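# Commentary on secondary and tertiary structure
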Amino acid sequence: MKKKYVIGIVSITILLIILSVIFFIPPKFELKGGKNIEIKYGEKYKEPGYKVTKFGQNLNKNVKITNKIKNKVGTYDVIYKVKIFGITFSQTRTVKIVDLEKPVITLNGNTNVLICPNSEYQEEGYKAIDNYDGDITEKIKITKKDNIITYFVKDSSNNEAKVTRKIIKEDKTSPSINLKGNKAITLYLGNTWKDPGYTANDNCDNDITNKVAISGSVNTNKLGTYKITYAVKDSSQNQTTVQRTVKVISKPTNSGSSSGKKGTIYLTFDDGPKEGTTNVILDILKEENVKATFFVTNSGPDYLIKREYNEGHTVGLHTASHNYSIVYKSVDSYYNDLKQVQDRVKRITGYESKIIRFPGGSSNTVSKNYSKGIMSILTKDVLNKGYKYYDWNISSGDAGETTSSSGVYNNVIRSLSKNRANMILMHDIKPYTRDALRNIIRYGKNNGYTFEKITMSTPMITHHVNN
Ligand code: ZN
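Owing to the predicted nature of the structure, the values given are computational and were not obtained by experimental measurement.

On to the overall build of the chain, then. Across its full length, the chain carries eight helices and 29 strands. Relative to the globule expectation of 23 Å for 467 residues, the C-alpha radius of gyration of the chain, 53 Å, shows a markedly less compact shape. When its C-alpha atoms are laid out on the principal axes, the chain stretches across 190 × 55 × 35 Å. Taking all 467 residues of the chain together, 42% fall into the buried category. A fraction of 65% describes how many contacts in the chain between residues 6 or more apart in sequence connect residues 24 or more apart. Carbon and sulfur atoms make up 50% of the accessible area of the chain, which totals about 25,400 Å².

Structure follows, in structure tokens:
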């Protein structure tokens, strides 16, 4: 009886042990992809799959998964749980989110920078952007060795980035020399030569005027063309040379009493031609057998210029527009205007006139309004270009002072002199001048004057230049 009882106890114990082994044996967790998974920041975690079995039975249906994975670098658990007869079994997978991407450094300006040898590089700026940390510009460390600047940065995951900038100290740009005044200067024999000055500038050295070396000289007592050379070198040995030409010419015959043939009269007519006056003036000159000079513009009909020329008069040039604001705007503007009327005369007559009269005369001051000093330049420069210019020593007053033929007549005859060449300013566009002409010619003839037209060999009669 006692033995039987003991056997019973043992049997029950064994049974209980077997049962609890069956209950408490954990199921088998198979995690696809392994227990530890690493994924790159930015990639999304995707369940790789699992299989949970116990005694060959698939328990996937009963598995509950929990995870707190965030879109941030870090280590996260994914927990797989299954409950069997009230007992919970679990398995954990570790997911690591890592950042392996380097930051990107961008430089403002060039990676190879050319700067002046005597200057220091001024940082042009930089930026570092990281896929994970964002803008980490302020973490950039700058180091400089020789001519290389290195920009280095590390992101919070210790990914490193490095870029370099090369500084090249070099100057290949030549300085510039600016000459004050004109590059071509004309002086009269005996004048004093004074250099109008110059400045020199360099991209690296700035003002280097005091380094300019001048060579050449001007002898104003000897006719000729002189060259003055201005040379300058910058600190990188780039050199610039410019030249100024100084021409010394003989002084023109000056206004008045002793120049030209004494007792001659030069009738000069400006501003034409004009229908109704110029044609009548030409008729009178023909009838009186007197030659005159016409300083023409672009106005009036071509045939009157043709007549002037064919009938033996001199066709001089007065400028095309006679508009002071155009004519005296600049030296170039003057020549441009002059050429237009010169071309006109040449087209009509085939003759290239080089005899000129400045609008307002060389003594005019109106040109000051448009270009200071232009008459001082032009009166010399036209001579260099082979022109001759003629002012006058008698004004008929027909430009405004008088509007009657008797006024014109009286102004002329009371100024005539036997002791000089008489150059009379008249305008063939004025009817009262037209009407005074025959009497002026008759007076001249009756008083022993001779009439001549201007030619290239006629001595110039010039005014004092006032601008
Ligand atoms: Zn005029």
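More follows now that the structure is in view.
One key point about sheets: their strands pair by backbone hydrogen bonds, in either a parallel or an antiparallel sense. Taken together, three strands build an open sheet; the order of strands is β8-β10-β11 and the sheet is antiparallel. In this open sheet, the two strands that pair with only one neighbour each are β8 (104–107) and β11 (134–135). One ladder, built from four bridges, connects β8 with strand β10 (residues 126–130); its direction is antiparallel. The partner of Thr 106 across the bridge, within β10, is Lys 127.

Moving on, we get to the side chain of Asp 205. Assignment of secondary structure puts Asp 205 in the loop between β17 (198–202) and β18 (206–207). Buried charge without a partner: Asp 205 forms no salt bridge, and the closest opposite charge is Lys 211, 4.7 Å away. Looking at Asp 205, its side chain comes within polar contact range of the side chain of Asn 118, at 3.2 Å. Reaching out from Asp 205, the side chain makes a polar contact with the backbone nitrogen of Ser 235 at a distance of 2.7 Å. Other than its neighbours up to four places away in sequence, Asp 205 contacts Asn 118, Asp 234 and Ser 235.

Let us look at the layout of surface pockets. Computed from the structure, the largest pocket encloses a volume of approximately 380 Å³. Along the wall of the largest pocket there are 18 residues; nearest its centre are Asn 182, Ala 184, Ile 185, Thr 186 and Ile 377. Contributing elements (two or more residues each) for the lining of the largest pocket: β16 (184–188), β21 (239–249) and α6 (374–384). Counting residues per element, the lining of the largest pocket draws most heavily on α6, which supplies five residues. Looking at the lining of the largest pocket, its residues break down into seven nonpolar, seven polar and four charged. Mapped onto the domain boundaries, the lining of the largest pocket takes at least three residues apiece from domain 3 (176–249) and domain 4 (253–462).

With that out of the way, let us pick up the domain arrangement of the chain. Domain boundaries assigned for the chain yield domain 1 (23–98), domain 2 (104–169), domain 3 (176–249) and domain 4 (253–462). Centre-to-centre, using C-alpha coordinates, domain 1 lies 92 Å away from domain 3.

Alternating positions in strand β1 (residues 28–31) separate cleanly, Phe 29 and Leu 31 being buried on one face and Lys 28 and Glu 30 remaining unburied on the opposite face. Across four bridges, β1 lies against strand β3 (residues 50–54) in antiparallel orientation. Directly across from Phe 29, in β3, lies its bridge partner Val 52.

The reference angle at a metal is 109.5 degrees if four donors form a tetrahedron and 90 or 180 degrees if six donors form an octahedron. Within the protein, the zinc ion binds to Asp 271 (OD), His 318 (NE2) and His 322 (NE2); these donor distances fall in the range 2.2 to 2.3 Å. Spacing between the donor residues of the zinc ion along the chain follows D-x46-H-x3-H. Of the two residues, Asp 271 is situated in the loop between β22 (264–270) and α2 (278–288) and His 318 in the loop between β24 (314–317) and α4 (324–327); the sequence distance between them amounts to 47 residues. In terms of burial, Asp 271 and His 318 fall into one category: buried.

Another aspect to go through is the state of the cysteines. Under the definition given, this model contains one disulfide. Put simply, Cys 116 and Cys 204 are joined by a disulfide, and their sulfur atoms are 1.8 Å apart. Negative torsions about the S-S bond denote left-handed disulfides, and the value of about -85° found for Cys 116 with Cys 204 makes this one left-handed. With Cys 116 in the loop between β9 (112–115) and β10 and Cys 204 in the loop between β17 and β18, this pair connects stretches of sequence that are 88 residues apart. The same class applies to Cys 116 as to Cys 204, namely buried.

Cut-offs used in this document
- Residues numbered from 1 in each chain as written.
- Predicted model: local features only at pLDDT ≥ 70, side-chain atom pairs only at ≥ 80, totals over all residues.
- Heavy atoms only, no water.
- Helix = DSSP H or I, 4+ residues; strand = E, 2+ residues; numbered from the N terminus.
- Rg over C-alpha atoms; globule rule 2.2 N^0.38 Å.
- Buried < 20%, exposed > 50% of the residue type's maximum accessible area, 1.4 Å probe, protein only.
- Contact = heavy atoms within 4.5 Å.
- Areas by Shrake-Rupley, 256 points an atom, 1.4 Å probe, with all protein chains shown as cover.
- Pairing = 2+ DSSP bridges.
- Lys, Arg positive; Asp, Glu negative; His and termini not counted.
- Salt bridge = Lys/Arg side-chain N within 4 Å of Asp/Glu carboxyl O.
- Polar contact = N/O pair within 3.5 Å; in protein donor to acceptor, adjacent residues only side chain to side chain.
- 1 Å grid on protein atoms, 1.4 Å probe; cavity = no way out; pocket = protein on both sides within 12 Å on 5 of 7 lines; lining within 4 Å.
- Points joined across faces, edges and corners; volume = space filled by probe spheres on them.
- Nonpolar A, V, L, I, M, F, W, Y, C, P; charged D, E, K, R; others polar.
- Domains from an automatic or database assignment.
- Donors = N, O, S within 2.8 Å, 3.2 Å for Na, K, Ca; no water.
- Disulfide = S-S within 2.5 Å.

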